[in-house]
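Secondary and tertiary structure notes
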Amino acid sequence: VVNGDETDSATAAAPEPTLIKDGELSVCTDMPYEPFEFERKNGEAAGFDVDLVRKVADRLGVQLRMVDTAFDDIASGDSLNKGECDLAISAMTITGERARVLNFSSPYFDAAQAMVVAQGSGITSLDDLAGQKIGVQGGTTGELYVTDNAPDDAEVVPFEDAAAMEAAMEKGDVVATVYDNTVVGDVVEADPDLEVAAEFDTGEQYGMAVRRNGNVELLQVVNDVLAELKKDGGYDEIYATWFGQ
Ligand code: ARG
């Protein structure tokens, strides 16, 4: 049952989204990418994205199921187009290339790229990394940015997820890592031996996504919920939970 207590006639008349499994909104996400999505010790998914997408499940009156999925499979469209999830939310940047294989919602968060290095390394820009190894998450806009902007003889090393990037940094396998600027605060908080060395103003925006050909009804609900949360303060509340005031 959708919109059981919805009185707005325009919304009430909208066709009901079809979900893969009745009574459940399944959502692909790649964890960890703290504070957007990560797993608590008890196995529960948590984070800004999880709180945001829970509002969509609430609106639909269904259970939320987060499905941990390799980021590459999300951004390439594979997981959605193979029917593994109804929706994806993964701190995923809206790009023209991805919009050919996914249907994006309206944007919900601004982002850029940022570089993390060891405290006191003296590295302050990509130009300082000639001949060095730079860790990125495979398939991300960070990987693209570094590939395009690092010195030619720097080695860009793609990792499966953010946890693997951090482990490589700790072992000294890479001298720098590049993530979205929205997560590096948590990265350096978790490891005080690290610091944020630079930010790169890439002008990115995150969107949720549904599969390429279809589920426009679900996308409409997502966009309605986003617009309402921005108006009624719900968005600010979730923001304050994960980023402070
Ligand atoms: N915003 C970047 C991108 O879209 C990185 C996203 C990584 N997300 C994640 N959950 N690991 O490429």
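Residues numbered from 1 in each chain as written. Predicted model: local features only at pLDDT ≥ 70, side-chain atom pairs only at ≥ 80, totals over all residues. Heavy atoms only, no water.

For the chain, the helix and strand inventory stands at nine helices and twelve strands. For 245 residues, the compact-globule formula gives about 18 Å, and the C-alpha radius of gyration of the chain, at 19 Å, lands near that figure. Viewed in the frame of its principal axes, the chain has a C-alpha envelope of about 60 × 35 × 30 Å. In the chain, which comprises 245 residues, the proportion classed as buried is 48%. Across the chain, contacts joining residues at least 24 apart in sequence account for 72% of those joining residues at least 6 apart. Total accessible area computed for the chain in this model is approximately 11800 Å², and 44% of it derives from carbon and sulfur atoms. Distance between charge centroids for the chain: 7 Å, based on 16 positive and 49 negative side chains. (Helix = DSSP H or I, 4+ residues; strand = E, 2+ residues; numbered from the N terminus. Rg over C-alpha atoms; globule rule 2.2 N^0.38 Å. Buried < 20%, exposed > 50% of the residue type's maximum accessible area, 1.4 Å probe, protein only. Contact = heavy atoms within 4.5 Å. Areas by Shrake-Rupley, 256 points an atom, 1.4 Å probe, with all protein chains shown as cover. Lys, Arg positive; Asp, Glu negative; His and termini not counted. Charge placed at Lys NZ, Arg CZ, Asp CG, Glu CD.)

Let's shift gears to the packing of aromatic side chains. With the rule as written, the count across this model stands at 15 aromatic pairs. A centroid spacing of 5.0 Å and a plane angle of 25 degrees characterise the contact between Tyr 145 and Phe 200, whose relative ring orientation is stacked. One end of the pair, Tyr 145, is in helix α5 (residues 141–149); the other, Phe 200, is in strand β11 (residues 194–206), with 55 residues separating them in the sequence. Phe 200 gets classed as buried once you look at its relative accessible area, which sits at 10%. Of the aromatic side chains, those joined through ring pairs into one cluster are Phe 36, Phe 48, Tyr 108, Phe 109, Tyr 206, Tyr 235, Tyr 239 and Phe 243. Across from the ring centre of Tyr 235, 5.4 Å away, lies the NZ or CZ of Lys 230, which sits over that ring. (Phe/Tyr/Trp six-rings, centres within 6.5 Å; stacked < 30°, edge-to-face > 60°. Lys NZ or Arg CZ within 6 Å of the ring centre and 35° of its normal.)

One frequently used descriptor of interface size is the decrease in accessible area upon assembly of the parts. The domain boundaries assigned to the chain delineate domain 1 (9–108 + 207–243) and domain 2 (112–204). Between domain 1 and domain 2, the C-alpha centre-to-centre distance is 27 Å. Counting each side, the surface lost to burial between domain 1 and domain 2 is near 1200 Å², with a carbon and sulfur contribution of 53%. Counting every contact that joins domain 1 to domain 2 gives zero salt bridges. At the boundary of domain 1 with domain 2, the tally comes to four residue pairs in polar contact (both at pLDDT 80 or more). The residue makeup of the side of domain 1 that touches domain 2, split by class, is ten nonpolar, two polar and four charged. (Domains from an automatic or database assignment. Buried area = accessible area lost by both parts, 1.4 Å probe. Salt bridge = Lys/Arg side-chain N within 4 Å of Asp/Glu carboxyl O. Polar contact = N/O pair within 3.5 Å; in protein donor to acceptor, adjacent residues only side chain to side chain. Nonpolar A, V, L, I, M, F, W, Y, C, P; charged D, E, K, R; others polar.)

Moving on, we come to the site of the ligand. What surrounds the ligand is a group of 14 residues, the closest being Ala 91, Thr 93, Arg 98, Thr 141 and Asp 180. With respect to the ligand, the backbone of Thr 93 contributes an N or O atom lying 2.8 Å from an oxygen atom. Within the side chain of Arg 98, an N or O atom sits 2.8 Å from an oxygen atom of the ligand. For the ligand, whose accessible area on its own is 350 Å², the fraction buried by protein is 100%. Classifying every residue of the shell around the ligand gives five nonpolar, five polar and four charged. The residue makeup of the shell around the ligand includes at least three contributed by each of domain 1 (9–108 + 207–243) and domain 2 (112–204). (Near = heavy atom within 4 Å.)

Taken as a whole and assessed by the stated rule, the structure comprises one disulfide. Each sulfur of the disulfide joining Cys 28 and Cys 85 lies 1.9 Å from the other. Between Cys 28 and Cys 85, the S-S dihedral sits near 70 degrees, and the bridge is therefore right-handed. Residue Cys 28 is found in strand β1 (residues 24–29), and its partner Cys 85 is found in the loop between α4 (78–81) and β5 (87–88); the two are separated by 57 residues along the sequence. With respect to class, Cys 28 is no different from Cys 85; both count as buried. (Disulfide = S-S within 2.5 Å.)

Attention now goes to the pattern of salt bridges. Counted according to the given criterion, the structure contains five salt bridges. Among the ionic pairs, Glu 24 bridges to Arg 65, the shortest N-O distance being 2.9 Å. Of this pair, Glu 24 sits in strand β1 while Arg 65 sits in strand β4 (residues 63–68); the two residues are 41 residues apart in sequence, bridging distant segments of the chain. Residue classification places Glu 24 among the buried positions, given a relative accessible area of 12%. Across the pair Asp 173 and Lys 171 runs a salt bridge, and its minimum N-O distance is 3.7 Å. On the accessibility criterion, Asp 173 (40% relative accessible area) is partly exposed. Residue class for Lys 171 comes out exposed when judged on its relative accessible area of 65%. A single salt-bridge network, built from bridges that share partners, covers Lys 21, Glu 24 and Arg 65.

Further remarks concern the nonpolar core. Counting 48 residues, the largest nonpolar core has Leu 25, Leu 52, Leu 87, Tyr 108, Tyr 179 and Met 208 as the members making the most contacts within it. When residues are assigned to domains, this core turns out to be shared by domain 1 (9–108 + 207–243) and domain 2 (112–204), each giving three or more. With sequence-adjacent residues up to four places away left out, Tyr 108 is seen in contact with Phe 48, Asp 49, Leu 52, Ile 89, Ser 90, Ala 91, Tyr 206, Gly 207, Met 208, Leu 226, Lys 230 and Tyr 235. Grouped together as the second largest cluster of nonpolar side chains are 14 residues, Met 115, Ile 134, Ala 154 and Ala 176 included. (Core = buried A, V, L, I, M, F, W, Y, C linked by side-chain atoms within 4.5 Å.)

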